[in-house]
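Results of the structural survey
Given next are the chains, with one letter for each unit.
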Amino acid sequence: MILLLTGPDSYRVAERKKQLIEAFRQKYDTAGNNIAVLSGAEAGVDAVIGQTRTAGLFSSHRLIVLDRMSKAKAAPLKQVTEFLGHISLPEEIILLLVEPELTMEKTRERIPAGIQKYLAALKKNTHIQHESYAPFTPRERKVWAKQRLDAYDASITEGAMTRLLAACGEDTWMLAHELDKLAARAAPEQITEEHVEEMTVGQLDVNIFALTDARGAGKGTRALRLLEEHFLSGEAP
């Protein structure tokens, strides 16, 4: 079994990776003896092939996590690309490919030829299951934030939510961190705008720079999303 996780929302990719490793550990390998984590920047094709062919210890199931293979140098990336382009694995061998900064969608960003071939090989291999984590829409981000607060049995006013989302922009890492802080700080009270102003590191100026960059790069959809967040924040145009 081969599973590919791609971004560009690196926070949710990281969360999904952690979730899958924990699920494997609980179901097959509480001691973690059959979990191997390889760094793409350091792992060569021999290490990758070797891990997929290594028998499990006290279990037939193994989990191999290959993290950011796209960061490898040209030669090992080419070799692993050729290997992954046609490989299929039995169900008890799970190869988890983690690429938080990459996307299978078309992009205007210039991607090195080696990485383009790597992505094309992964896309062509029908044995690979793909999960993509695109940036939230404003509505999705709000729903996600409320769900995270629900896990803490915490609540937030509408005004506080609006200011928090505007301050964090598209940065899911920052939003998760701020939600965790606010839930702990306000408990057992409801999170208010005062809590947000007191504890949240504002990113409004950063968002304006991001808006300018997005507009200049021809990314109209992203620019409109950032503009909407700026107006929702209550800041002057």
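Just above, that's the structure.
Here we summarise the structure given alongside this text. The residue numbering used here restarts from 1 in each chain and proceeds along that chain's sequence as written. Given that this is a predicted model, residues contribute local features only at a pLDDT of at least 70 and side-chain atom pairs are listed and counted only at 80 or more, while totals for whole chains, interfaces and linings are drawn from all residues. Hydrogen atoms and water are omitted, and side-chain values are computed over all heavy atoms in the structure.

Some points on the sheet that holds strand 2 (residues 35-39)
Following DSSP output, two strands are said to pair if at least two bridges run between them. Helix numbers and strand numbers start at the N terminus; a helix is a DSSP run of H or I with at least 4 residues, a strand a run of E with at least 2. With parallel pairing, the 5 strands of this open sheet are ordered in space as 2-3-4-1-5. On the outer flanks of this sheet lie strand 2 and strand 5 (128-132), each paired with one strand and no other. With strand direction ignored, the average angle separating the axes of adjacent strands in the sheet is 15°. Geometry is summarised by axes, namely lines fitted to C-alpha atoms with helices restricted to the contacting stretch, and by angles between N-to-C directions that run from 0 to 180 degrees.

Observations regarding unusual backbone geometry
Trans peptide bonds make up most of the peptide bonds, and negative phi angles are found at most residues other than glycine. The omega torsion across Gly7 and Pro8 is 20°, close enough to zero to call that bond cis. With respect to the helices and strands, the residue Pro8 is situated in the loop between strand 1 (2-6) and helix 1 (10-28). Following Ala187, the chain continues into Pro188 via a peptide bond in cis, with omega recorded as 5°. Positionally, Pro188 belongs in the loop between helix 7 (172-186) and helix 8 (193-199). With a phi close to 55°, Arg68 is a non-glycine residue in the positive phi region.

Thoughts on the side chain of His61
One can find His61 in the loop between helix 2 (45-53) and strand 3 (62-67). Within 3.5 Å is the distance limit for a polar contact, defined as a pair of N or O atoms, with the added protein rule that one can donate a hydrogen and the other accept it, and that residues adjacent in sequence qualify only through two side-chain atoms. One polar contact links His61 to Ser60, side chain to side chain, over a distance of 3.4 Å. We call two residues contacting when some pair of their heavy atoms lies within 4.5 Å. The contacts of His61, once residues within four sequence positions are left out, are Phe24, Tyr28, Asn34, Gly56 and Glu92.

Re the pairing of strand 1
Along strand 1, 5 of the 5 residues are buried, which leaves the element largely enclosed by surrounding structure. Accessibility here uses a 1.4 Å probe with only protein chains present; expressed as a share of the type maximum, an area under 20% marks a residue as buried, one over 50% as exposed, and anything in between as partly exposed. The side-chain alternation of strand 1 yields two buried faces, one formed by Ile2, Leu4 and Thr6 and the other by Leu3 and Leu5. Pairing geometry for strand 1 and strand 4 (residues 93-99), over 5 bridges, is parallel. Bridge pairing in strand 4 links Leu5 to Val98. Here strand 1 runs beside strand 5; their pairing, made up of 5 bridges, is parallel. By the bridge assignment for strand 5, Ile2 is matched with Ile128.

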